[in-house]
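Here is how the chains run, residue by residue.
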Amino acid sequence: MYTIADLPIENTLQTVKYDLGLESALRRMFENSYTQIGVERDSELVGIVTYRSVVRTLLAFQRLEVGHKTLDKISVGAAVEDAHTISEDENLLAVFDSLAEYTYIVVNRDDEWRILTDYDLLTRLKQMLEPFLLIESIEMQLREIFTRVFGDALSEQLAETFDEEHPLPTPASIEHCSYAHYAQFISIHWAEFESLFDDQQDVIRELVLGIGDMRNQLFHFRVDDPDEFDRDLLRFGQSYFSSV
């Protein structure tokens, strides 16, 4: 199982001094689009200040009837909350548990504090999941096109096309087809598909085979990084087949 150490956490936690005025800290957060900032005292990380912790502090001051204090008169230390640090040895799934409760986690990596926010994780997940989702979407669109063209006769046509003499196995239904089946079926029955695909037989065949190759690499774990995929080609394929 992967651990936190396997997760790319690139953002260094920016910090301010414990006795800095809260107004100055908020200004720095706003100018740099931070939703939180670390707090140091004697070169040690003592916690984090977030917009939420600032509001909590101001409400507490008001409840204590000292709400007349302005932000420049309140130190950062008054609004510090726990840094929610997590060990690199933790199971990777611990990230989801932590970010479900907080909006960030802090990790000590290479002798510096780094921060991972819920936005960072969502962005990373999108990058990782996009190839899977695009490939699945394209396959669903191809199945819909095949069904639209052949209707109730599709299963029979598949069986006749991929009979016992064909090198590809005979699919029991469209759900049992591979991308190789899709590419060959389109080529063999081009007369039925030509009007849909604007007389682009070679382009369609290579597009389907290329997407199928990426699908096999991805689903059979033959690639280390999904970012290696030609996302533009996948996006083109998804857009093209959805408009047919």
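Going by the structure above, here's the rest.
For clarity, every value in this text was computed on a predicted model and none was experimentally measured.

**Remarks on the overall build of the protein**
At step 1: Helices and strands together make up the secondary structure of the protein, namely nine helices and five strands.
At step 2: Scanning the protein from its N terminus toward the C terminus, one meets helices and strands in the order β-α-β-β-α-α-β-β-α-α-α-α-α-α.
At step 3: For the protein, whose C-alpha radius of gyration is 28 Å, the value lies well above the compact-globule estimate of 18 Å for 244 residues.
At step 4: Taking the principal axes of its C-alpha atoms as reference, the protein extends roughly 85 × 35 × 25 Å.
At step 5: Considering only contacts within the protein whose residues lie at least 6 apart along the sequence, 59% involve residues at least 24 apart.
At step 6: Split by element, the accessible area of the protein, about 14,500 Å² in all, is 49% carbon and sulfur.
At step 7: The averaged location of the 46 negative side-chain charges in the protein is 12 Å from the averaged location of its 20 positive side-chain charges.

**Concerning the sheet that holds strand β2 (residues 36-41)**
At step 1: Judged by pairing direction, the sheet is mixed, and its three strands sit side by side in the order β1-β2-β3 without closing on themselves. Looking along the sheet, the strands with just one partner apiece sit at the ends: β1 (15-17) and β3 (44-50). Between one strand axis and the next, the sheet turns by 40 degrees as a mean value, whatever way the strands run.
At step 2: With three bridges joining them, β1 and β2 adopt parallel strand pairing. Opposite Lys 17, over in β2, you have Glu 40 as the bridge partner.

**As for the pairing of β3**
At step 1: Among the seven residues in β3, five count as buried, and that is most of the element.
At step 2: The pairing of β2 with β3 spans six bridges and is classified as antiparallel. Looking across to β3, one finds that Val 39 is bridged to Gly 47.
At step 3: The hairpin turn running from β2 into β3, its antiparallel successor, is two residues long, and Asp 42 in that turn takes a positive phi close to 55 degrees.

**Focus on the nonpolar core**
At step 1: Counting 31 residues, the largest nonpolar core has Ile 186, Phe 193, Phe 197, Val 208 and Phe 241 as the members making the most contacts within it.
At step 2: Elements with a contribution of two residues or more to this core: α4 (118-150), α5 (154-161), α6 (179-188), α7 (190-193), α8 (201-219) and α9 (231-243).
At step 3: In terms of residue count, the dominant contributor to this core is α4 (seven residues).
At step 4: One finds Leu 22, Val 39, Val 54 and Val 76 within the second-largest nonpolar core, a separate group that totals 13 residues.

**Some remarks on helix α1 (residues 22-31)**
At step 1: Residues of α1 that are buried: Leu 22, Ala 25, Leu 26 and Met 29. Take α1 and look down its axis: the buried residues cluster within an arc of 95 degrees, on one side only.
At step 2: Check the buried side of α1 and you find it contacts β1, β2, β3 and α2 (51-63).
At step 3: Looking one or two residues beyond α1, the residue adopting positive phi is Ser 33, at roughly 60 degrees.

**Overview of the packing of aromatic side chains**
At step 1: Evaluation of the coordinates by the stated rule reveals 14 aromatic pairs.
At step 2: Look at Phe 146 and Phe 193: their rings are 5.2 Å apart centre to centre, the planes differ by 45 degrees, and that puts the pair in the tilted class. Linking Phe 146 in helix α4 with Phe 193 in helix α7, this pair joins segments that are 47 residues apart in sequence. Accessibility assignment for this pair places Phe 146 and Phe 193 in one class, buried.
At step 3: Aromatic pair Phe 197 and Phe 241: ring centres 6.1 Å apart, planes at 85 degrees, arrangement edge-to-face. With Phe 197 in the loop between α7 and α8 and Phe 241 in helix α9, the pair connects residues that are 44 residues apart, well separated along the chain. Neither Phe 197 nor Phe 241 differs from the other in exposure class; each is buried.
At step 4: A network of ring pairs unites the aromatic residues Phe 146, Phe 150, Phe 162, Tyr 179, Tyr 182, Phe 185, Trp 190, Phe 193, Phe 197, Phe 236, Tyr 240 and Phe 241 as a single cluster.
At step 5: In this structure, Arg 41 packs its charged tip against the face of Tyr 18, placed 4.2 Å from the ring centre.

Criteria and cut-off values
Residues numbered from 1 in each chain as written. Predicted model: local features only at pLDDT ≥ 70, side-chain atom pairs only at ≥ 80, totals over all residues. Heavy atoms only, no water. Helix = DSSP H or I, 4+ residues; strand = E, 2+ residues; numbered from the N terminus. Rg over C-alpha atoms; globule rule 2.2 N^0.38 Å. Contact = heavy atoms within 4.5 Å. Areas by Shrake-Rupley, 256 points an atom, 1.4 Å probe, with all protein chains shown as cover. Lys, Arg positive; Asp, Glu negative; His and termini not counted. Charge placed at Lys NZ, Arg CZ, Asp CG, Glu CD. Pairing = 2+ DSSP bridges. Axes fitted to C-alpha atoms, helices over the stretch in contact; angles between N-to-C directions. Buried < 20%, exposed > 50% of the residue type's maximum accessible area, 1.4 Å probe, protein only. Core = buried A, V, L, I, M, F, W, Y, C linked by side-chain atoms within 4.5 Å. Arc of directions from axis to C-beta. Phe/Tyr/Trp six-rings, centres within 6.5 Å; stacked < 30°, edge-to-face > 60°. Lys NZ or Arg CZ within 6 Å of the ring centre and 35° of its normal.

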